[in-house]
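Secondary and tertiary structure notes
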Amino acid sequence: MGLLDVILGRTKPVPPDLDRLFGLPSAAVTLEVAAGFTPTGTGAVCFATVEGAAFEQTHREIEELLDADAGRQGSPGASGAGSAAGSPVELVRDEYGYSWLVSRRSPEQLSELVTDLHAVNTSLESNGFGPQLLCSLVSFRGEADRRLALVYLYKRGTFYPFAPLPGRGQRRDNALELQMRAALADDLRMEQDLDRWFPVWGAPGL
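For every chain, the first residue of the written sequence is number 1, and numbering continues from 1 along that sequence. It should be noted that, the model being predicted, local features are given only for residues of pLDDT at least 70 and side-chain atom pairs only at 80 or more, the latter also being counted only at that level, while totals for whole chains, interfaces and linings use all residues. Just so you know, side-chain values use all the structure's heavy atoms and leave hydrogens and water out.

One speaks of a salt bridge when a side-chain nitrogen belonging to Lys or Arg is within 4 Å of a carboxyl oxygen belonging to Asp or Glu. The full count for this structure, using the stated rule, is eight salt bridges. With its nearest N and O atoms 3.5 Å apart, the salt bridge here joins Asp17 to Arg20. Partly exposed residues are those whose accessible area sits between 20% and 50% of the maximum for their type, while under 20% is buried and over 50% is exposed, using a 1.4 Å probe and protein chains only. The exposure class assigned to Arg20 is partly exposed, which follows from its relative accessible area of 25%. The shortest N-O distance in the salt bridge between Arg104 and Glu90 comes to 2.6 Å.

Okay, here's the thing in structure tokens:
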């Protein structure tokens, strides 16, 4: 970065570091101790919707890659609504027009779930879809139907907590989100700019 960039406040984008996803199992232990949240077994990668043969081929490659894991067989939700029976990853589109590749494991298989998310991101990136990648998330549940997701921002390399409140309406528990940011500071690189804590209403697993 040159002197002019410093003076004008311009910074180069931080290269994505997908290995930071592997910090999630440690963060999950902290979440359970600090607030009683446990993994649901659902994780997803969000990207701007793309069409065409190239993406279809990439989707098949991802399915084949994840299907090679024999430990997935029989995991809850693997043949949920809208997915083919036994399919290792489900492609869904939300009401806002974004696409999600969803992986489901048993709640005890968080490490394997994170490996799935890493593989999905890496496959999309290596096949030229890096610019479309937006975020990845892992969902958690607590007492009284409290919900929480840890969201990884692909282009920032940072995480933030998203806590929708139970019941109708799009409301989030901001106090809980701030509490979890503080609790997870030693486990994950947390996003410090609160304006980037985008709501992910209707995300898979929430």
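Aromatic contacts are taken between Phe, Tyr and Trp rings whose centres are within 6.5 Å, Trp giving its six-membered ring; a plane angle under 30 degrees counts as stacked, one over 60 as edge-to-face, and the others as tilted. For the structure on display, the rule yields five aromatic pairs. A ring pair is formed by Phe55 and Phe129, whose centres lie 5.8 Å apart and whose planes are at 90°; its orientation type is edge-to-face. Here the residue Phe55 occupies a position in helix α3 (residues 53-67), and Phe129 occupies one in helix α4 (residues 110-129), the gap between them amounting to 74 residues. Their ring planes at 55° and their centres at 4.9 Å tell us that Tyr152 and Phe159 sit as a pair that is tilted. For Tyr152, a relative accessible area of 1% corresponds to the buried category. The structure contains a cluster of three or more aromatic residues connected by ring pairs, namely Phe47, Phe55 and Phe129. Strands here are runs of E lasting at least two residues and helices are runs of H or I lasting at least four, both read from the DSSP assignment and numbered beginning at the N terminus.

Let us look at the sheet that holds strand β6 (residues 158-162). The antiparallel open sheet is built from six strands, whose spatial order is β2-β3-β1-β4-β5-β6. Looking along the sheet, the strands with just one partner apiece sit at the ends: β2 (90-93) and β6. Taking each pair of neighbouring strands and ignoring which way they run, the sheet shows an average axis angle of 25°. A strand pair is defined by DSSP finding two or more bridges across the two strands. Where strand β4 (residues 133-141) and strand β5 (residues 147-153) come together, seven bridges link them in antiparallel fashion. Note that in β5 the partner of Ser136 across the bridge is Tyr152. Contacts from α4 reach β1 (38-48), β3 (98-104) and β4 within the one sheet, and its direction differs from that of β1 by about 5°. Only the stretch in contact is used when fitting a helix axis, every axis being a line fitted to C-alpha atoms; angles between N-to-C directions are given from 0 to 180 degrees. A contact between two residues is defined here by any heavy atoms of the two lying within 4.5 Å.

Quick look at unusual backbone geometry now. A positive phi angle, near 55°, is found at Ala144, a position not held by glycine. As for its position among the elements, Ala144 is in the loop between β4 and β5. Classification of Ala144 as exposed rests on a relative accessible area of 69%. Positive phi, normally seen in glycine, also occurs at Asp145, with a value near 60°. Structurally, the position occupied by Asp145 is in the loop between β4 and β5.

Another aspect to go through is the confidence of the model for the protein chain. Atomic detail in the predicted coordinates should be set aside for any region of low pLDDT. The predictor attaches a confidence to each residue, called pLDDT, with possible values from 0 through 100. With 83% of its residues at a pLDDT of at least 70, the protein chain reaches an overall mean of 86. Looking over the protein chain, one finds the lowest element-wise mean pLDDT in helix α1 (residues 3-8), namely 49, and the highest in β6, namely 98.

This next bit is on α4. Leu110, Leu113, Val114, Asp116, Leu117, His118, Ala119, Val120, Asn121, Ser123, Leu124 and Phe129 are the residues of α4 that are buried. Those residues of α4 hidden inside the fold are in contact with α2 (24-35), β1, α3, β3 and β4.

With that settled, the discussion passes to the nonpolar core. The biggest cluster of nonpolar side chains holds 38 residues, and the ones touching the most others in it are Leu24, Leu31, Leu124, Phe140 and Leu150. Elements that contribute at least two residues to this core include exactly α2, β1, α3, α4, β4, β5 and α5 (174-183). When neighbours within four sequence positions are excluded, Leu150 is seen to be in contact with Leu24, Ala27, Leu31, Ser136, Leu137, Val138, Phe140, Tyr160, Pro161, Leu184 and Leu188. Put simply, buried Ala, Val, Leu, Ile, Met, Phe, Trp, Tyr and Cys residues joined by side-chain atoms within 4.5 Å make one nonpolar core.

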